[in-house]
Amino acid sequence: MAETPNPAPAQSTVTLKIDGQSVTVPKGTNVLEAARSLGVSISFFCYHPGLSSPAVCRQCLVEVKGQPKPVPSCYTPCADNMDVLTQSEKALTVRQQMLEFTLVNHPVDCPICDKAGECTLQKLYVEWDSAHARMDYEKVHKPKKVDLGPTIVLDAERCILCTRCIRVCDEVAHDHQLEMSYRGDRETISVAPGKQLDNPYSLNTVDVCPVGALTAKDFRFQMRAWELMTTSSVCAGCATGCNDEIHHARGEIYRLVPRENQDVNKFWMCDDGRMTYHEIRQNRVAGARVQGETVPLDKALSFAADRIVALRGSSGSSGLLGVVANAQATNEDNYLLLKVASALGVDRVYLAGRPARPDCADDILRHADMNPNTAGARAIAQALMPGKAKGVPQLAADLEGGALKALWILGDHVDLDEEAQAALARLEVCIYQTPHQNFLSDKVNVLLPAAAWAEVDGTFTNAKGLVQRIRRAVEPPGEARPHRELIQLLGRKLGIALDYPNVRMLFKEMKQAVPEFAAAEYGRELPVVQLRFAGSRG
Amino acid sequence: METTFRKRTSKATVKVVPRPETLNKELMLGGIIQGLAVTMRHFFQNVAREKPEVTINYPEERLKYPLRNRGLHRLMHREDDSVRCVACMCCPTACPAHCITIVAEETGNGNEKRPAIFEIDELRCIVCGLCVEACPCDAIRMDTGEHMHVVDRRDDAILGKVDLMKRGISSTAVQGGEPNWQERVKTVPDPRFR
Ligand code: SF4
Ligand code: SF4
Ligand code: SF4
Ligand code: SF4
Ligand code: FES
């Protein structure tokens, strides 16, 4: 058989010149991304790094030497020896003309537009046009308030027909719910007659909309975008752990928006996850309670400690004490609880969390496990108390069987049935640290106010095993404190020396103790920034 | 529901500026002598003048304020007497004293947005007039000529939407400017207003 000569390896990079600077990029990269990698910004509306490029808005035109007409940089792949001019007279003129064209029928009602302050059109206009309109006849008017579905309102006048929202539905939610109707300057975004924009990822259309055409009913008119501060965090809605930004102002959370992470959620987030911020401030436990009476935190801790010490004196060293770690709490909280438990010689450890919802799961982002930290809590239990951690059914059985006299529960959710709850109410001492009031809070005799996820620093481990950082955005109410602080205080009263002035130290220790976390980094502190024209927010 | 959240409306904090302490300042003698000198100078100047003119008998006598005097705020009306403000929150953004609190709501009609709550803490207001400058709708004005009222409780100094609208009248300003404003503005003699 004749030797076939080895084919030369297909070249995988191309080298081109942008504004005189030479740049090498992987083959297939478009000119816009190549320019961005050089720090050259080209204006654009319809392009989105997470979606396909239809090149409909022409806001990204650049000049390529040797080509007669300007080309859309979002659609043109880089080629060897290309010579691109992004700032030439011709390129700037065509882009400015395109902007003027986009503004021909635009209502420019920025004062009442929810997007103002984070609007690409507004930004481009202010940055490099700022001219008076040359149009002197009545603009085309379209409906100002079209109800597209349960979550979204459309202002058809403000829409610049970039089709990003259509592509989000098609390519992210895999559900073709939006479509263009009519032609020319009457063209509008619409849903099919009798249908709604109601897919579980619908609010991503609001994020990608470069203008204020699509607004979320939940956020509409609540707060101006420029007043919002952003804190990077992770969604606590399910085990996927989508990276998000908490947008808050003056101690109140106003919305959650996705943050890019190519390994987890790319650019997206589900609608249910976005709404989880509401419950953070509902039904909160703001002060400690002992047997239903509100008492100072310190008193409640002393009461709990005294009871546990007495039990340990009367019924052996473990005192028939059990601890319940929770997949709703951070790695640090769970680690500290189990560390205290092993120091106390406790060998009954349970793992709780919210019940799974397989009906909510899909293969896009949403996970059936509604807890943000199941993997983390499991790994910690395995490392600190190998083989001892049991599930909630075992907890129920132990409660009903009387194998427990005392229980220390990390909130917020423990899925116990009526019978087990009744047994729980009969315990000698039951410490429940929780952010929220729920069916358990009346059954326990020591209720401790804990901070919710948006009020603490720490880490969550998602279903893929990625250890991700959450950050404190707002203050907890009343006397509420992070779980780890409550555990420290109670641990000290039980005679266990614990001294972790900050979470970073706790994380460092945990990293050494739990093999799964060996490679994890706590990450740096991020300054809280005020939201001004945030880049990827469209 | 057991919930207490700390309410914070202002982002303002107190800035403490250290002052150098000198013996002269500690004794305060220099200051007293300087102050007396000023008083005596004015005394003799006034005695020497035919008609003393520094003091008026307020409140029986009142000075006429200039037209651009900034008094208490008011909220202007539309033709149908609804509030002109569209709750754009440009004024609280511009306000250096953070004394304006607005909560927006849907109107349910063509105007889309209006304030559900509009409050100005007149005690905190520094009467700078930036809110009037910032308003794109001629919705807020400070041309009432009224002084801050005497109040017993701090809360009474917070004027709500009703108080502010009570002082308001219908505004005839045209949204977006009059049709040929670009032409007309060229005829204004003062170049600062073009
Ligand atoms: S979409 Fe942008 S430019 Fe248009 S009214 Fe809203 S903020 Fe202004
Ligand atoms: S609604 Fe927004 S995202 Fe959709 S086409 Fe219009 S401008 Fe683009
Ligand atoms: S006058 Fe100045 S301080 Fe007073 S409300 Fe207006 S902007 Fe604020
Ligand atoms: S600037 Fe004018 S329209 Fe806007 S909120 Fe203030 S008073 Fe209302
Ligand atoms: S961004 Fe390139 S054509 Fe729209």
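Residues numbered from 1 in each chain as written. Chains lettered and ligands numbered in written order. Predicted model: local features only at pLDDT ≥ 70, side-chain atom pairs only at ≥ 80, totals over all residues. Heavy atoms only, no water.

Trainee: Tell me about the environment of Val446 of chain A, and please be specific about residues and values.
Mentor: Residues and elements named next belong to chain A. Inspection of the secondary structure assignment puts Val446 in strand S21 (residues 446-449). Relative accessible area serves as the criterion here: at 0%, Val446 is assigned to the buried category. Through-space distance from the C-alpha of Val446 to that of Thr24 is 64 Å; in sequence the pair is 422 residues apart. (Helix = DSSP H or I, 4+ residues; strand = E, 2+ residues; numbered from the N terminus. Buried < 20%, exposed > 50% of the residue type's maximum accessible area, 1.4 Å probe, protein only.)

Trainee: Now, about the sheet that holds strand S12 (residues 243-249) of chain A: what can you tell me, with residues and values included?
Mentor: All names here are of chain A. The strand order across the open sheet built from four strands is S13-S12-S11-S24, with neighbouring strands paired in antiparallel fashion. At either margin of the open sheet sits one strand with a lone partner, and together these are strand S13 (252-258) and strand S24 (529-530). As judged from the two bridges shared by strand S11 (residues 229-234) and S24, these two strands associate in the antiparallel manner. Note that in S24 the partner of Met229 across the bridge is Gln530. (Pairing = 2+ DSSP bridges.)

Trainee: Please give an account of the sheet that holds strand S15 (residues 293-294) of chain A that cites residues and values.
Mentor: Residues and elements named next belong to chain A. Taken together, the eight strands give an open sheet; going across it, the order is S15-S14-S21-S20-S19-S16-S17-S18, and neighbouring strands pair in mixed fashion. Among the strands making up the open sheet, the edge pair consists of S15 and strand S18 (389-390). Of the pairings in the sheet, the one linking strand S16 (residues 321-326) to strand S17 (residues 348-352) comprises five bridges and is parallel in character. Along S17, the bridge assignment pairs Ala325 with Leu351. Docked against the sheet, helix H9 (residues 331-343) engages S16, S17 and strand S19 (406-410), running at close to 165° with respect to S16. (Contact = heavy atoms within 4.5 Å. Axes fitted to C-alpha atoms, helices over the stretch in contact; angles between N-to-C directions.)

Trainee: Requested: an account of the pattern of salt bridges, with residues and values cited.
Mentor: Residues and elements named next belong to chain A. Enumeration over the complete set of coordinates arrives at 41 salt bridges over all chains. When the shortest N-O distance is used, the salt bridge between Asp412 and Arg354 registers 2.9 Å. On the criterion of sequence distance, the pair formed by Asp412 in the loop between S19 and helix H12 (418-425) and Arg354 in the loop between S17 and helix H10 (374-384) is long-range, its members being 58 residues apart. Sharing partners across several salt bridges, the network here consists of Asp109, Lys144, Asp155, Glu157 and Arg158. (Salt bridge = Lys/Arg side-chain N within 4 Å of Asp/Glu carboxyl O.)

Trainee: So what's going on with a negative patch on the surface? Which residues, and what values?
Mentor: Residue and element names in this part refer to chain A. On the surface, Glu400, Asp415, Asp417, Glu418 and Glu419 cluster together into a negatively charged patch. Here Glu418 is to be found in helix H12. Judged by relative accessible area, which is 66%, Glu418 ranks as exposed. (Patch = residues over 30% accessible without salt bridge, like charges linked within 9 Å, V, L, I, M, F, W, Y side chains within 5 Å. Areas by Shrake-Rupley, 256 points an atom, 1.4 Å probe, with all protein chains shown as cover. Lys, Arg positive; Asp, Glu negative; His and termini not counted. Charge placed at Lys NZ, Arg CZ, Asp CG, Glu CD.)

Trainee: Help me get a handle on the side chain of Asp369 of chain A, residues and values and all.
Mentor: Residues and elements named next belong to chain A. Looking at the element boundaries, Asp369 is found in the loop between S17 and H10. At a separation of 3.0 Å, a polar atom in the side chain of Asp369 contacts the main-chain amide nitrogen of Asn371. A polar side-chain atom of Asp369 sits 2.4 Å from a polar atom in the side chain of Thr374. Excluding residues that lie within four positions of it along the chain, Asp369 makes contacts with Cys238, Ala239 and Thr374. (Polar contact = N/O pair within 3.5 Å; in protein donor to acceptor, adjacent residues only side chain to side chain.)

Trainee: Can you lay out a nonpolar patch on the surface for me, pointing to particular residues and giving the numbers?
Mentor: Residues and elements named next belong to chain B. On the surface, Leu23, Leu27, Met28, Leu29, Ile32, Ile33 and Leu36 cluster together into a nonpolar patch covering about 770 Å² of accessible area. Every element with two or more residues in the nonpolar patch is listed here: helix H1 (23-27) and helix H2 (29-48). For the nonpolar patch, the leading source of residues is H2, giving four residues. Position of Leu36 among the secondary structure elements: in helix H2.

Trainee: Give a detailed account of the domain arrangement of chain A, specifying residues and quantitative values.
Mentor: All names here are of chain A. What the domain assignment reports for chain A is domain 1 (15-103), domain 2 (106-221) and domain 3 (288-523). For domain 2 and domain 3, the distance between their C-alpha centres works out to 45 Å. Domain 2 puts five residues into the contact, and the matching count from domain 3 is four residues. Between domain 2 and domain 3, a total of about 340 Å² is buried, with carbon and sulfur atoms accounting for 66% of that surface. When the buried area of domain 2 at its contact with domain 3 is split by residue, Val172, Pro200 and Tyr201 rank highest and sum to 87% of it. Across the contact surface, domain 2 and domain 3 share zero salt bridges. Applying the counting criterion to the domain 2 and domain 3 interface returns three residue pairs in polar contact (both at pLDDT 80 or more). Residue composition of the side of domain 2 that touches domain 3, grouped by class: four nonpolar, one polar and no charged. (Domains from an automatic or database assignment. Buried area = accessible area lost by both parts, 1.4 Å probe. Nonpolar A, V, L, I, M, F, W, Y, C, P; charged D, E, K, R; others polar.)

Trainee: Please set out the pairing of strand S8 (residues 178-181) of chain A residue by residue, giving values where relevant.
Mentor: Sheet faces and side chains relate simply in a regular strand, where the side chains alternate between the two faces. All names here are of chain A. Alignment of S8 against strand S9 (residues 188-191), held across four bridges, turns out to be antiparallel. Looking at the pairing, Ser181 lines up with Thr188 of S9. In this structure, the hairpin formed by S8 and S9 is closed by a connection of six residues, where Tyr182 is found at a positive phi of approximately 65°.

Trainee: Tell me about the packing of aromatic side chains, and name the residues and values.
Mentor: Counting across every chain of the model gives four aromatic pairs over all chains. Measuring from ring centre to ring centre gives 5.6 Å for Phe44 of chain A and Tyr47 of chain A, while their planes differ by 80°; the resulting arrangement is edge-to-face. When sorted by exposure, Phe44 of chain A lands in the same class as Tyr47 of chain A, which is buried. Relative to Phe44 of chain B, the ring of Phe43 of chain B has its centre 5.2 Å away and its plane inclined at 70°; by these criteria the two rings are edge-to-face. Phe43 of chain B sits in the partly exposed class, given a relative accessible area of 45%. For Arg469 of chain A, the ring lying beneath its charged end belongs to Tyr522 of chain A, and the centroid distance is 3.9 Å. (Phe/Tyr/Trp six-rings, centres within 6.5 Å; stacked < 30°, edge-to-face > 60°. Lys NZ or Arg CZ within 6 Å of the ring centre and 35° of its normal.)

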